[in-house]
Structures are given as C-alpha cells and as structure tokens.
Amino acid sequence: MRNQNENNLILLLTLTGLCFQHEWARTGKQRALVIGSLALAANLLVRLTTVLDIAAVGSFVLLLLWIEGNRGAELLSKLWRYARTALPFYAAGLLLDRLYQLYRFG
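Sequence positions are assigned chain by chain, starting from 1 and proceeding in written order. Given that the model is predicted, a residue must reach a pLDDT of at least 70 before its local features are reported, and side-chain atom pairs must reach 80 or more before they are shown or counted; all residues, however, enter totals for whole chains, interfaces and linings. The basis for every side-chain value is the complete set of non-hydrogen atoms in the structure, without hydrogens or water.

Colleague: Teacher, can you tell me more about the side chain of Asp97 here?
Modeller: Labels follow the DSSP assignment, with helices taken as runs of H or I lasting at least four residues and strands as runs of E lasting at least two, numbered in each case from the N terminus. Looking at the secondary structure, you find Asp97 in helix H4 (residues 72-105). In this structure Asp97 touches Leu44, Leu45 and Leu48, once residues within four positions along its chain are discounted. Only heavy atoms enter the contact rule, under which two residues are in contact if any of them lie within 4.5 Å.

Colleague: Which parts of the structure should I look at to understand helix H2 (residues 30-46)?
Modeller: Turn by turn, an α-helix covers 3.6 residues, leaving residues three or four places apart pointing in a common direction. Multiplying 1.5 Å by the residue count of a helix minus one yields the expected span of that helix. Over its 17 residues, H2 extends 25 Å from the first C-alpha to the last, a length consistent with the 24 Å expected when each residue adds 1.5 Å. Among the residues making up H2, those that are buried are Ala32, Leu33, Gly36, Ser37, Ala39, Leu40, Ala41, Asn43 and Leu44. In this fold, the buried residues of H2 make contact with helix H1 (2-27), helix H3 (51-67) and H4. When accessible area is computed with a 1.4 Å probe and restricted to protein chains, residues below 20% of their type maximum are described as buried, those above 50% as exposed, and intermediate ones as partly exposed.

Colleague: What should I look at first to understand the nonpolar core in this one?
Modeller: Across soluble globular proteins, you tend to see nonpolar side chains buried next to one another. Membership of the largest hydrophobic core comes to 16 residues, with the highest contact counts inside it found for Trp24, Ala25, Val61, Leu65, Tyr82 and Tyr90. Mapped by element, the contributors of at least two residues to this core are H1, H2, H3 and H4. With residues up to four places along the chain from it excluded, the contact list for Tyr90 reads Gln21, Ser37, Leu40, Ala41, Leu44, Ile54 and Tyr82. Here, nonpolar core refers to any group of buried Ala, Val, Leu, Ile, Met, Phe, Trp, Tyr and Cys residues whose side-chain atoms link them within 4.5 Å.

Colleague: Help me understand the packing of aromatic side chains, please; the structure alone is not making it clear to me.
Modeller: Two descriptors summarise a pair of aromatic rings, namely the distance from one centre to the other and the angle between the planes of the rings. Here a pair means two rings of Phe, Tyr or Trp (six-membered ring of Trp) with centres within 6.5 Å. Their orientation is stacked below 30 degrees between planes, edge-to-face above 60, and tilted elsewhere. Evaluation of the coordinates by the stated rule reveals 1 aromatic pair. For a Lys NZ or an Arg CZ to count as sitting over a ring, it must be within 6 Å of the ring centre and within 35 degrees of the ring normal. The side chain of Arg71 reaches across the aromatic face of Trp66, ending 3.7 Å from its centre.

Colleague: What is the right way to look at the side chain of Ser37 in this model?
Modeller: Considering the arrangement of structural elements, one finds Ser37 in helix H2. Judged by relative accessible area, Ser37 falls into the buried class, the value being 0%. Counted as a polar contact is a pair of N or O atoms within 3.5 Å, where, for protein atoms, one must be capable of donating a hydrogen and the other of accepting one, and residues adjacent in sequence contribute only when both atoms are in side chains. Polar contacts involving the side chain of Ser37 include one to the main-chain carbonyl oxygen of Leu33, which spans 2.8 Å. In this view, Ser37 contacts Gln21, Ala86, Phe89 and Tyr90; residues no more than four positions away in its chain are not counted.

Colleague: So what exactly am I meant to see when it comes to the environment of Asp97 here?
Modeller: Assessed through its relative accessible area of 4%, Asp97 is described here as buried. The spacing of Asp97 and Arg47 is 50 residues in sequence and 8.7 Å in space, taken between C-alpha atoms.

Colleague: Looking at this structure, I do not really get the environment of Arg47. What am I missing?
Modeller: Here Arg47 lies in the loop between H2 and H3. The sequence separation of Arg47 and Gly36 amounts to 11 residues, and the corresponding C-alpha distance is 17 Å. If we ignore the near neighbours within four places in the chain, the residues touching Arg47 are Asn3, Glu6, Asn7 and Ile10. Polar side-chain contacts of Arg47 include one of 3.1 Å to the side chain of Asn3.

Colleague: So what exactly am I meant to see when it comes to the pattern of salt bridges here?
Modeller: Put simply, a salt bridge is a Lys or Arg side-chain nitrogen that is within 4 Å of an Asp or Glu carboxyl oxygen. Taken as a whole, this structure holds 4 salt bridges when the rule is applied. Between Glu6 and Arg47 there is a salt bridge; the shortest N-O distance is 2.9 Å. Linking Glu6 in helix H1 with Arg47 in the loop between H2 and H3, this pair joins segments that are 41 residues apart in sequence. Using a relative accessible area of 26% as the deciding quantity, one classes Arg47 as partly exposed. Linking Glu68 and Arg26 is a salt bridge whose minimum nitrogen-to-oxygen distance equals 3.1 Å. Here the residue Glu68 occupies a position in the loop between H3 and H4, and Arg26 occupies one in helix H1, the gap between them amounting to 42 residues. Owing to a relative accessible area of 33%, Glu68 belongs among the partly exposed residues under this scheme. Salt bridges sharing partners connect three or more residues here, namely Arg2, Glu6 and Arg47.

Okay, structure coming up:
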C-alpha cells in the first residue's frame, strides 16, 4: 500500500513540475518555473530515482524551446535562466534527502 501511495505522489509531483515548466517555456513566467522546480525537487524527497524524471522534464523543456524556434544566443539565454532558477531547488531537494537518509540510517 505504501508503494502505491508513493507512486501516486511521484506521478502527481512529476506532472505538476512538467505542466508548470511547460507553462514557463511557453510564457516565460518566472513563477511557473519556480513552482515546477519546487514540485520536482519535492519529488526527490519521495524517491531518489526521480532524478530521472527531472532529467526527462528538462529534456522536454529543451526540446520544446528548440521546436518553438529558439536558437543560438536566445536558446542559451533561456537555458541559463532555467538552470539559474531550477538547479538551486534541485540541489536543495537532494541535500534534504541526503540529510534525512543520514538521520534515518546513520
């Protein structure tokens, strides 16, 4: 039962992160990127293997920006903005997970 609950939570957080980061890619709203990054960072606290979900969402955002015609300096600028905003949240989620595991297992 616990595994099913975790899987449902992972799905919810991954889809939330994907939807909000998709909104950021379309509109450029910083708030959407922050909410999406928070959801994906919280995913790390549920199960560490969700780092693969973060990689998939990041790849999706990159592909979406590319398909919309962002090239060269414009694409790099948006990717830099994405990394500057999202990576601190992911790092904090990873740090919290590792601290919890240290506390739990010693």
